[in-house]
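Below, each chain spelled out in residue letters.
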Amino acid sequence: METEEKKKHGGVRGQFWRWLISGTVLRLILIYCLPQNLHFSSHPEVSTPLTSLRRLAEGYWLKQSSMSPYSGSMYHGSPLLLSLLGPLTVKRIEGQPSHLLCSLLFVVADIISALLIRSMGQYLQLAYKQQLELLHLADKSKLSDTFPSGDIAALVYLWNPFTLAASVGLSTSPIENLVIILSLYGACKRIIPIAAFGWVLATHLSLYPAILIIPIMLLLGYGPDAPPRKLLLQKGRGESRDTRFSGVCCHKPEFVFSWGPVIHFLFWASLLSVYVFVLCAISVKQYGSLWEMLQSTYGFILTVEDLSPNIGVLWYFFAEVFDFFRDFFLIVFHMNIMFMILPLAIRLNHRPCFLAFIYITITSMLKSYPSVGDSALYLGLLGLFLDELADMQFSFFLFCGYVGVSLLSPVMHNLWIWRGTGNANFYYATAMAYACLQIILVIESVSAMLNHDRKLRSLSLKKRLEKTS
């Protein structure tokens with residue numbers, strides 16, 4: 001039996017590496033062939049004012065001309081990202097387009113992200129199996145047949161058409177996704193400097209990942225996703241009654257929130273945040289001030305100054321709303337995200353990785369300038385919870401909805417902008433449908449996870465009744 005299981009796991013690993021290499025080759029082919037013909041980088045679904053490589057090249061040109069990269073209305077990203085990717089937009093390789101080096105960097109970022117997701121999924125699945133064995137709720141014969149959620153999640157992220165479009169379309173989303181995944185990976189493995197480094201960079205690049213500090217702290221304090229802690233505590237109390245000479249339950253201290261790793265994380269996060277701001281101040285000192293950088297990056301995100309079309313729901317609304325009510329609705333839209341943080345954290349505090357997935361999905365839906373790169377991230381993380389979300393409803397409807405929106409959105413944009421046979425309402429209708437799909441995904445995934453916890457609770461109750469009888 002052991003040799004058969006080893007052969008089975010070896011076959012799964014071999015298939016994963018074959019699919020990984022195939023995904024890399026496909027990216028290289030698309031990078032070499034498609035951008036010159038299809039112009040993915042000009043599609044609003046792929047590139048936004050914050051993730052467009054063309055805008056970054058414009059900002060780097062201004063910097064090379066001894067001007068502030070924020071003096072125009074083009075660039076609104078980090079000066080550190082400008083220093084990293086700016087030179088790559090100028091260099092050429094044997095007559096090839098200058099974007100080739102950036103595209104190769106995005107491919108490397110996607111591969112590293114997939115490997116981190118795989119490692120994180122393997123760790124989460126192993127920890128969850130151990131918790132189920134502790135509750136005597138999992139048969140060992142069934143555990144060997146569970147899906148390798150880490151491999152599947154990594155391949156979903158790698159082969160997702162949204163990920164391919166973001167990588168080929170010269171968007172900086174792969175870099176942002178990489179640092180977010182790095183922060184979650186560091187928190188799962190309790191490698192605190194890596195978790196702090198990823199969270200600080202993710203917050204610096206796009207601001208919205210700042211709310212991920214809650215699931216990261218829960219990961220560091222409680223550990224990875226587990227069944228409801230009441231079940232494990234009841235199991236521990238039951239064992240302490242049966243073994244009268246044991247005295248204290250040995251499992252209860254595992255579920256006390258440990259503040260040591262959290263304080264360590266906050267220290268590293270504060271230190272790295274100061275370091276990042278010092279680097280930004282040094283980078284923009286010759287051309288402007290740190291305050292100008294903050295206004296052009298974080299202020300640009302919060303005030304929604306650019307009303308160019310995208311797959312979000314804010315641009316059309318603020319194009320139609322009266323200026324007198326603009327500040328009020330800005331507060332309303334941004335506070336929608338804040339209002340959901342605390343209730344979800346209270347209800348899902350025993351599943352911090354799943355909580356991070358929900359937070360990322362919500363911010364992808366309500367952020368100022370969303371793109372398909374954001375969807376690629378949360379759809380990849382969704383694969384980490386295959387066993388728990390196996391009974392999720394409307395899965396086929398969601399799949400068809402995402403396919404339909406992916407096809408209709410560029411068509412409606414083409415009819416409106418280039419052919420003149422449509423209008424903004426057609427394109428905004430696809431954005432509304434896309435937002436509704438994300439709402440359904442959040443509601444159904446949370447419901448499926450809570451139902452899974454209820455099943456574990458009922459199974460645990462049956463086990464205890466059988467023992468007492």
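The protein chain is annotated in an unreviewed UniProt entry as Phosphatidylinositol glycan anchor biosynthesis class U protein from Erythroxylum novogranatense. In its Pathway (unreviewed entry) section, the UniProt entry covering the protein chain states "Glycolipid biosynthesis; glycosylphosphatidylinositol-anchor biosynthesis." A UniProt comment under Sequence similarities (unreviewed entry) is attached to the protein chain, and it reads "Belongs to the PIGU family."

Caption draft 1: Representation of the overall build of the protein chain. Broken down by element type, the protein chain carries 20 helices and 0 strands. Taking all 469 residues of the protein chain together, 51% fall into the buried category. Considering only intrachain contacts with a sequence separation of at least 6, the fraction spanning at least 24 residues in the protein chain is 76%. For the protein chain, the computed accessible surface area is about 22,800 Å², with 67% contributed by carbon and sulfur atoms.

Caption draft 2: Broad picture of the packing of aromatic side chains. Taken as a whole and assessed by the stated rule, the structure comprises 25 aromatic pairs. Look at Phe318 and Phe333: their rings are 5.6 Å apart centre to centre, the planes differ by 55°, and that puts the pair in the tilted class. With a gap of 15 residues between them, Phe318 in helix H15 (residues 314-320) and Phe333 in helix H16 (residues 326-347) connect regions that are remote in the sequence. The class of Phe333 is buried, set by a relative accessible area of 15%. An aromatic cluster is present here, built from Trp315, Tyr316, Trp416, Tyr427 and Tyr428 joined pairwise through their rings. Here Arg118 stacks its cationic end above the ring of Phe16, 4.2 Å away from the centre of that ring.

Caption draft 3: Structural view of unusual backbone geometry. For Arg190, which is not a glycine, the phi torsion comes out positive at approximately 60°. On the secondary structure map, Arg190 appears in the loop between helix H9 (173-188) and helix H10 (192-206). Owing to a relative accessible area of 40%, Arg190 belongs among the partly exposed residues under this scheme. The backbone phi angle of Phe394 is positive, close to 60°, even though this residue is not glycine. Looking at where Phe394 falls in the secondary structure, it is placed in the loop between helix H18 (372-382) and helix H19 (395-419).

Caption draft 4: Region of interest: the nonpolar core. Ranked by size, the top nonpolar core spans 113 residues in total, and within it Phe265 and Phe354 carry the most contacts. The element that contributes the greatest number of residues to this core is helix H20 (residues 424-468), accounting for 13 residues. For Phe354, the contacting residues outside a window of four places in its chain are Asp225, Leu348, Phe385, Leu389, Ser445, Val446 and Met449. Judged by nonpolar contacts, the second largest core, of 13 residues, contains Leu30, Leu100, Ala154 and Leu155.

Caption draft 5: Main features of a positive patch on the surface. Side chains of Lys230, Arg347, Arg454 and Arg457 sit close together on the surface and give a patch of like positive charge. Within the fold, Arg457 resides in helix H20. Residue Arg457 is classed as partly exposed on the basis of its relative accessible area, which comes to 37%.

Caption draft 6: Focus on the confidence of the model for the protein chain. Of the residues in the protein chain, 87% have a pLDDT of 70 or more, and the chain-wide mean is 84. Contacts for the low-pLDDT stretch residues 238-253, under 50 throughout, to residues beyond four places or in other chains number 8 contacts.

Caption draft 7: Region of interest: the pattern of salt bridges. Under the counting rule described, the total for this entry stands at 6 salt bridges. The salt bridge involving Arg55 is made with Asp306; its shortest N-O contact spans 3.2 Å. Separated by 251 residues along the polypeptide, Arg55 in helix H3 (residues 53-64) and Asp306 in the loop between helix H14 (290-303) and H15 bring together distant segments of the chain. Residues Arg55 and Asp306 agree in their burial class; the two are buried. Between Arg351 and Asp453 there is a salt bridge, with its nearest N and O atoms 2.6 Å apart. Separated by 102 residues along the polypeptide, Arg351 in the loop between H16 and helix H17 (352-366) and Asp453 in helix H20 bring together distant segments of the chain.

Definitions and limits used
- Residues numbered from 1 in each chain as written.
- Predicted model: local features only at pLDDT ≥ 70, side-chain atom pairs only at ≥ 80, totals over all residues.
- Heavy atoms only, no water.
- UniProt positions renumbered as here; feature names shortened; annotations may be inferred.
- Helix = DSSP H or I, 4+ residues; strand = E, 2+ residues; numbered from the N terminus.
- Buried < 20%, exposed > 50% of the residue type's maximum accessible area, 1.4 Å probe, protein only.
- Contact = heavy atoms within 4.5 Å.
- Areas by Shrake-Rupley, 256 points an atom, 1.4 Å probe, with all protein chains shown as cover.
- Phe/Tyr/Trp six-rings, centres within 6.5 Å; stacked < 30°, edge-to-face > 60°.
- Lys NZ or Arg CZ within 6 Å of the ring centre and 35° of its normal.
- Core = buried A, V, L, I, M, F, W, Y, C linked by side-chain atoms within 4.5 Å.
- Patch = residues over 30% accessible without salt bridge, like charges linked within 9 Å, V, L, I, M, F, W, Y side chains within 5 Å.
- Salt bridge = Lys/Arg side-chain N within 4 Å of Asp/Glu carboxyl O.
- Lys, Arg positive; Asp, Glu negative; His and termini not counted.
- Charge placed at Lys NZ, Arg CZ, Asp CG, Glu CD.
- pLDDT = per-residue confidence, 0-100.

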